[in-house]
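Chain and residue survey
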Amino acid sequence: MSMIFAIFLPIILAVFIPLLYKKAKRIHTGWFVLIAPLLLVVLYAMYIPSVMDGKTFSEEMPWIPSLDISFVSYIDGLSLLFSLLITGIGSLVVLYSIFYLDKDKENLGNFYVYLLMFMTAMLGVVQSDHLIGLYFFWELTSISSFLLIGYWYTRDRSRFGALKSMMITVFGGLMMLGGFLLLGIMGETFSIRELISQAATIAEHDLFVWALVLILLGAFTKSAQFPFYVWLPDAMEAPTPVSAYLHSATMVKAGLYLVARLTPIFALSEVWVWLVTGVGILTLFWGSFFAVKQTDLKAILAFSTVSQLGLIMSLLGIGSIAYHVTGDLVTTYTFATFAAIFHLLNHATFKGSLFMIAGIVDHETGTRDIRKLGGLMSLMPISFTIAMIGSLSMAGIPLFNGFLSKEMFLDATLSLQHVGLYSMDTWWILIPVVAWIASVFTFVYSLYFVLHTFRGKHTPELLPKKAHEAPIGMLISPGILATLVIVIFFIPNFFGNTFIKPAVAAIQPSTYALPSDVGFKIKAWHGFDSPALYMTLGIFLVGYLLYRTLPKWSVAYSKMPAKVTLNGVYDWLMMLSESGANQVSSLYMKGSIRSYLIYIFGAIIILLASTMWIKDAFVISFDNLAPIKFFEVLLSLLIIIGTLTILITKSRLTAIIALGAVGYTVALFFIIFKAPDLALTQLVIETVSVALFLGAFYHLPKLNKHEKGKEDRKFRLTNFLIALGVGIMVTLIAISAHSQKLVPSISEYYKKTVYSEAGGGNIVNVILVDYRGFDTLFEISVLTIASLGIIAMITLRLAKKKGERKVENK
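The text that follows walks through the structure, step by step, so that each part is easy to find. (Residues numbered from 1 in each chain as written. Predicted model: local features only at pLDDT ≥ 70, side-chain atom pairs only at ≥ 80, totals over all residues. Heavy atoms only, no water.)

Counting secondary structure elements, the protein chain contains 35 helices and two strands. For the protein chain, the spread of C-alpha atoms along the principal axes amounts to about 105 × 80 × 55 Å. Expressed as a percentage of the 810 residues in the protein chain, the buried residues total 49%. In the protein chain, 79% of the contacts between residues at least 6 apart in sequence involve partners at least 24 apart. Carbon and sulfur atoms make up 69% of the accessible area of the protein chain, which totals about 40,000 Å². (Helix = DSSP H or I, 4+ residues; strand = E, 2+ residues; numbered from the N terminus. Buried < 20%, exposed > 50% of the residue type's maximum accessible area, 1.4 Å probe, protein only. Contact = heavy atoms within 4.5 Å. Areas by Shrake-Rupley, 256 points an atom, 1.4 Å probe, with all protein chains shown as cover.)

The following block contains the structure:
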């Protein structure tokens, strides 16, 4: 199967989903959808042996050849790992959704179309070698996630969460596009591989830091880093399958992927090291601290996701130090990159299972409010087991994969004492301290999530539904992920050699030529002389004490005013922008079409006159003018007389006839200038226009609306000045355009190519159909949409009248 076709396979299948949803209602639509991710998992798994040997694969499909823009699919260790996560977790999410979403109550046609669209977008992001293609898929993830988060669009919170995620991630995407364009300017290419080969040269460019900051804005907003994380908790209003997919394994990992992919380009800058590491550590602490405050199961997991994403981001930042050191220190800091990718894999397994368990609890009890839950262990033993495995892994307890990568994280932060760069010898101590404190809160919210839900006293009177275990079909997906949590702990190096090392070699190509050169081994025991061991013991001890005393100190959260939170800042900015826009628009939106025309024409006069004055573009030349014939003078006089008649007549009928005369006279001009097709079009338009005016004659307003006086004179004077200004400007532009030829006329190109290239004889028709084909297509589309809107309004009005008659008859 073609690599590019594999990317677009989900969205191609999405085209048929509405038909399958309507025609096969007895079968859950998810069973049809499940085919695509399962097929892709098998396809990408076939690349594993070759990628482990250091091979890469590439395929290109032209998109906009004139701008040298193509869809380029590139598979190496990093993109393959993400592709397997996207399709593997995607398969489990689709299977889970089959049992979670009721086929008789939910609009599954829309849901799976959005989900498949998102899958294509994510595959495109992680496999694109062309920056513009990557940006295209990046924004497609924002659009599809907006639709998925707002799937239950009748709920206010769903619409709010969808809009919030769209506003923040699209803002970051636009900033990122600016960074991509700067990279393209510096390297004269948009190929990521070619830019990596020029990294040393690009780093010396004046635009380098600007591109770095803009691209990191895109990565930080997508991966919910501080302070942009505020959209992620509100996105939990989406159905649980969406949360499990977007916010544990895919969308929020896109920013991490971007940082990892572009590390070989930007890691040479200390700004990159400080921003990626610093923002990651701050996000880790912030998310873990506020996760304990939450009372909604999915909100706890949302803030924990923010925290875990910060952990991975900080590791990528520490790993980039490898580009600044030599000798054994290179291995010391590439170890952080290894830990980052390993934790990224672990996080997808335990967090995906926990999101699914949160959905099961909600599905089977009717609530996610942890204050109403408790004592579910005996009623939902399988769910409790899976939740315990995922929570203990997230807490970093042995026998679960999260323990391994958490230990590696602590070791990586401690390694900063050896760096000796960029004042790290002064500030390095803060990073392991903050990491340790954040890990303590991670331990607390992990226990809080599972024990407050499944242990304690059961209060059935507070639950909307009688609690019971979920059906087996809903437990398969989280069960598989929980099994992986344990399997990875016991055979970590199998996954390390298969997935992690090829990804690290892709991120650190200057250090490792082949994945086999990455010499790290994952082990659970590092000996008693390991500082990370004692940090872990401290985390367990302090974390357990804080959990046991949670009711006593958690009241501190209530002392924080809501208005000074980042959510409060976001809400204030949105309200400010909305009220500001309303105030500005109220200055000129008066409800008068005449006023709007004055604004438009006045702006045209000012802008065009200023431009022509600044550019010294007023040129008048009478050379090469065709002789003026008698009929042309006569027709010009007719147009002038008709126009003046419209202005001075007091009869509406006379004005309509004069307006038609002006239009028909213009059609005669077209005939004289040998443009019969334009003349025919003009005649048809004028005939229809006059007929419509006459048909609506009775309903037209009075001609002399204003009373005689100062207001009338002022009104007429304003109209006169605007009309005179527009007329003079158009005339001067026409004369200047004829009088000077800054570039050769395009008419010669049309004359030479109209027959040979377009196969037509009529230049005007060929221009409309071929050279301006898209323009004409869009015009037709606009007219079609307008026609459909008119038909819909007429149909609704007729239906309303019909309903009123039925009521009267009754």
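Once the structure has been displayed, the description carries forward.
Taken as a whole and judged by the stated rule, the model has 11 salt bridges. A salt bridge links Arg368 to Asp296; its shortest N-O distance comes to 3.1 Å. Here Arg368, found in the loop between helix H18 (328-365) and helix H19 (381-395), pairs with Asp296, found in the loop between helix H16 (270-291) and helix H17 (297-319); they are 72 residues apart in sequence, far enough to count as distant. Taking the relative accessible area as the measure of exposure, Arg368 reaches 16% and is therefore buried. In this structure, Arg371 and Asp369 form a salt bridge, with 2.9 Å as the shortest nitrogen-oxygen distance. Given a relative accessible area of 60%, Arg371 falls into the exposed group. Linked by salt bridges that have partners in common, Arg157, Lys164 and Asp234 make up one network. (Salt bridge = Lys/Arg side-chain N within 4 Å of Asp/Glu carboxyl O.)

Taken across its 12 residues, helix H1 (residues 3-14) has nine buried, putting it largely inside the fold. Listed as buried for H1 are Met3, Ile4, Ala6, Ile7, Phe8, Leu9, Pro10, Leu13 and Ala14. The N-cap of H1, judged by a side-chain oxygen 3.4 Å from the amide nitrogen of Ile4 a few residues on, is Ser2. (Polar contact = N/O pair within 3.5 Å; in protein donor to acceptor, adjacent residues only side chain to side chain.)

That is the geometry; function is a separate question.
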